[in-house]
Amino acid sequence: ENSYRWDTTRQRFLSRFARRLESSPQWGYWFLLDLRSEVWELNPEFVVMGPDSFDFEKVGGSAGFEYLGRDDWELSSHLSLGWRSFKGLDREKERFHDGALLRYETEISHPFWQRPEEDLEMGFFLKGGLGSVPADEERVFPFAEGGISFRSFFDRSEHNWEVTADIRAGRIGEGAPFDELFMLGIDRDSQLWLRGHPV
C-alpha cells in the first residue's frame, strides 16, 4: 500500500508492505515507512511558547506481525522507531523534545456477536504498550485503549455499502510527547482523534 497527502500545511507519504507465511497462513508480517511534514498551531490557553505556529517533521518506520486464530481471534504486535523535529519552538518545553521515539504496541480483537444471515457483526478490541522518548532523562509512558465495534452492510446482496461504528476509550501516561497525544477532529490518515487543530 502506498498513499500520500500533499496539502499546503500537511504533507505525508506512507508505504506499507504485508505478507502471509506460505507454510502458516494464519501468521503474517508487515513493514511500514512514514514521512511527514506538518504546520501546527497551539492554543494560547494550552501553553505560552512564543510563536503561534511551528513545523513538525517526522521520519519513522515500524515492523510487526499478526496472528489470526480460531473463532476469528486476532492478535497483532509491532515495534516502531521515529525521529521527530519541532521547528520554531522552545525545545526545553515539556512534550516538545526533538529526537527519537521508540514505541511498542500489542492489540487483540474478537467478534463476540455475529449474525451472518443479516451481515451484522459486533466485536471488541484491546490494545496497549509503552513508548520511550530520550530527552534530558529517559521518559517512558504507557498507553492503553479499548472499545466495541459494530459492522454491517446496507445491501446484503451486493456488499457495496458498509456501515461501521466504534465506541472507544483510552488513557496515556504523563510523559507522552506532543505527537502521541490525541487529536481534536478527524484526519483521514490518522488514528489519533483528540490532539489539536491542524492549520
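Preceding this paragraph is the structure being described.
Below is a summary of the structure that appears in this document. Note that the structure is a prediction, hence the values are computed from the model and not measured.

1. What to know about unusual backbone geometry
Step number 1: One non-glycine residue, Asp71, lies in the positive phi region at around 55 degrees.
Step number 2: Structurally, the position occupied by Asp71 is in the loop between strand S4 (53-68) and strand S5 (74-87).
Step number 3: Among the residues examined, Asp71 registers a relative accessible area of 63% and is labelled exposed.
Step number 4: Positive phi is not limited to glycine here, since Asp72 has a value of about 65 degrees.
Step number 5: By secondary structure assignment, the location of Asp72 is in the loop between S4 and S5.

2. Things to note about the pattern of salt bridges
Step number 1: Tallied over the full model, the rule gives 15 salt bridges.
Step number 2: The residue Glu57 makes a salt bridge to Lys87 at a minimum N-O spacing of 3.3 Å. Of this pair, Glu57 sits in strand S4 while Lys87 sits in strand S5, and the two are 30 residues apart along the sequence.
Step number 3: The class for Glu57 is partly exposed, based on a relative accessible area of 29%.
Step number 4: Note on Lys87: relative accessible area 37%, which makes it partly exposed.
Step number 5: A salt bridge links Arg151 to Glu162, with the shortest nitrogen-to-oxygen separation between them at 2.7 Å. On the criterion of sequence distance, the pair formed by Arg151 in strand S8 (residues 138-153) and Glu162 in strand S9 (residues 162-172) is long-range, its members being 11 residues apart.
Step number 6: Taking relative accessible area as the criterion, Arg151 reaches 33% and is therefore assigned partly exposed.
Step number 7: Here Glu162 falls in the partly exposed class, since its relative accessible area comes to 44%.

3. Remarks on the pairing of S5
Looking down a regular strand, the side chains alternate between one sheet face and the other.
Step number 1: Where S4 meets S5, 14 bridges bridge the pair, whose relative direction is antiparallel. Looking at S5, one finds that Phe65 is bridged to Ser77.
Step number 2: Two successive antiparallel strands, S4 and S5, enclose a turn made up of 5 residues, where Asp71 displays a positive phi of approximately 55 degrees.
Step number 3: When S5 meets strand S6 (residues 99-115), the two strands line up antiparallel, connected through 11 bridges.

4. Comments concerning the packing of aromatic side chains
Centre-to-centre distance and the angle between the planes together describe a pair of aromatic rings.
Step number 1: All chains considered together, the criterion is met by 13 aromatic pairs.
Step number 2: Here the aromatic rings of Trp27 and Phe65 are separated by 5.8 Å at their centres, their planes lie at 35 degrees, and the arrangement is tilted. With a gap of 38 residues between them, Trp27 in strand S3 (residues 27-41) and Phe65 in strand S4 connect regions that are remote in the sequence.
Step number 3: According to the relative accessible area criterion, Phe65 is partly exposed, its value standing at 33%.
Step number 4: On the basis of an interplanar angle of 25 degrees and a centroid distance of 5.1 Å, the ring pair of Phe96 and Phe178 is categorised as stacked.

Reading the values: the criteria
Residues numbered from 1 in each chain as written. Predicted model: local features only at pLDDT ≥ 70, side-chain atom pairs only at ≥ 80, totals over all residues. Heavy atoms only, no water. Helix = DSSP H or I, 4+ residues; strand = E, 2+ residues; numbered from the N terminus. Buried < 20%, exposed > 50% of the residue type's maximum accessible area, 1.4 Å probe, protein only. Salt bridge = Lys/Arg side-chain N within 4 Å of Asp/Glu carboxyl O. Pairing = 2+ DSSP bridges. Phe/Tyr/Trp six-rings, centres within 6.5 Å; stacked < 30°, edge-to-face > 60°.

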